[in-house]
Amino acid sequence: MSEQTSVTVERVIDLPVDTVFGVLSNPERHPDLDGSGFVRSVDHADRIQQVGDVFTMNMNGPHMGGDYQTDNHVTGYAKDKLLAWKTAPAGTEPPGWEWLWELEAQGPDATLVRHTYDWSKVTDKDLLEKVKFPLVSEDQLEDTLGRLAAAATG
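Cut-offs and rules
- Residues numbered from 1 in each chain as written.
- Predicted model: local features only at pLDDT ≥ 70, side-chain atom pairs only at ≥ 80, totals over all residues.
- Heavy atoms only, no water.
- Helix = DSSP H or I, 4+ residues; strand = E, 2+ residues; numbered from the N terminus.
- Rg over C-alpha atoms; globule rule 2.2 N^0.38 Å.
- Buried < 20%, exposed > 50% of the residue type's maximum accessible area, 1.4 Å probe, protein only.
- Salt bridge = Lys/Arg side-chain N within 4 Å of Asp/Glu carboxyl O.
- Arc of directions from axis to C-beta.
- Pairing = 2+ DSSP bridges.
- Axes fitted to C-alpha atoms, helices over the stretch in contact; angles between N-to-C directions.
- Contact = heavy atoms within 4.5 Å.

### Describing the overall build of the chain
Piece 1. The helix and strand tally for the chain stands at four helices and seven strands.
Piece 2. Along the chain, from the amino end to the carboxyl end, the secondary structure elements read β-α-α-β-β-β-β-β-β-α-α.
Piece 3. The C-alpha radius of gyration of the chain comes to 15 Å, within 12% of the 15 Å expected for a compact globule of 154 residues.
Piece 4. C-alpha atoms of the chain, sized along the principal axes, occupy 45 × 35 × 25 Å.
Piece 5. Scored against the burial criterion, the 154 residues of the chain give a buried share of 45%.

### Concerning the pattern of salt bridges
Piece 1. One pass over the full model with this rule turns up six salt bridges.
Piece 2. A salt bridge links Arg114 to Glu10; the shortest N-O distance between them is 3.0 Å. Note that Arg114 is positioned in strand β7 (residues 111-118) and Glu10 in strand β1 (residues 6-13), a separation of 104 residues in sequence.
Piece 3. Between Glu104 and Arg114 there is a salt bridge, with its nearest N and O atoms 3.3 Å apart. Here Glu104, found in strand β6 (residues 98-105), pairs with Arg114, found in strand β7; they are ten residues apart in sequence, far enough to count as distant.
Piece 4. Via salt bridges that share partners, Glu10, Glu102, Glu104 and Arg114 belong to a single interconnected network.

### Focus: helix α1 (residues 17-24)
Piece 1. By the burial criterion, the buried members of α1 are Val17, Val20, Phe21, Val23 and Leu24. Projected down its long axis, α1 shows its buried positions confined to an angular sector of 160°, all on one face.

### Observations concerning the sheet that holds strand β5 (residues 82-89)
Sheet strands line up and pair through hydrogen bonds in the backbone, either parallel or antiparallel.
Piece 1. Taken in spatial order, the seven strands line up as β1-β7-β6-β5-β4-β3-β2 in an open sheet, and their pairing is antiparallel. In this open sheet, the two edge strands, each paired with only one partner strand, are β1 and β2 (39-44). The sheet shows a mean angle of 25° between the axes of neighbouring strands, direction not considered.
Piece 2. In terms of strand pairing, β2 meets strand β3 (residues 54-61) through four bridges, oriented antiparallel. Paired with Val39 across the bridge in β3 is Met59.
Piece 3. Contacts from helix α4 (residues 138-153) reach β1, β6 and β7, with the element oriented near 25° to β1.

Next comes the structure, spelled out in structure tokens:
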């Protein structure tokens, strides 16, 4: 088993930081951004505005036997700088993996976006064996950044 417990990718997107943050903080846009192919649609979500917000997504993947839902518990929020959430099967507490978005303005019209998928806090050995982390690859995360760049300009 690999000792790796997170994957981080980054890219400069030629848009202002508030534009990029506006796309990321709107769960309605997440299906357009997802490079993994698991996110299908929003079940329930408002714009992310603070730690403690929860949004529910409709998902599909063979690792869960097809269709399923996730509750995403916001764990980090700093306007135009940081968004983070822990994902859990709907109706359950998060088992430990987290999605982290860090934004740094690179002048008025460019943003460094760092996207991290971190499963270091997953302690359930059965889950670790079943899910085979990382479930989302570095290439899929890179694809997500490309989709973010395209979505934010559109």
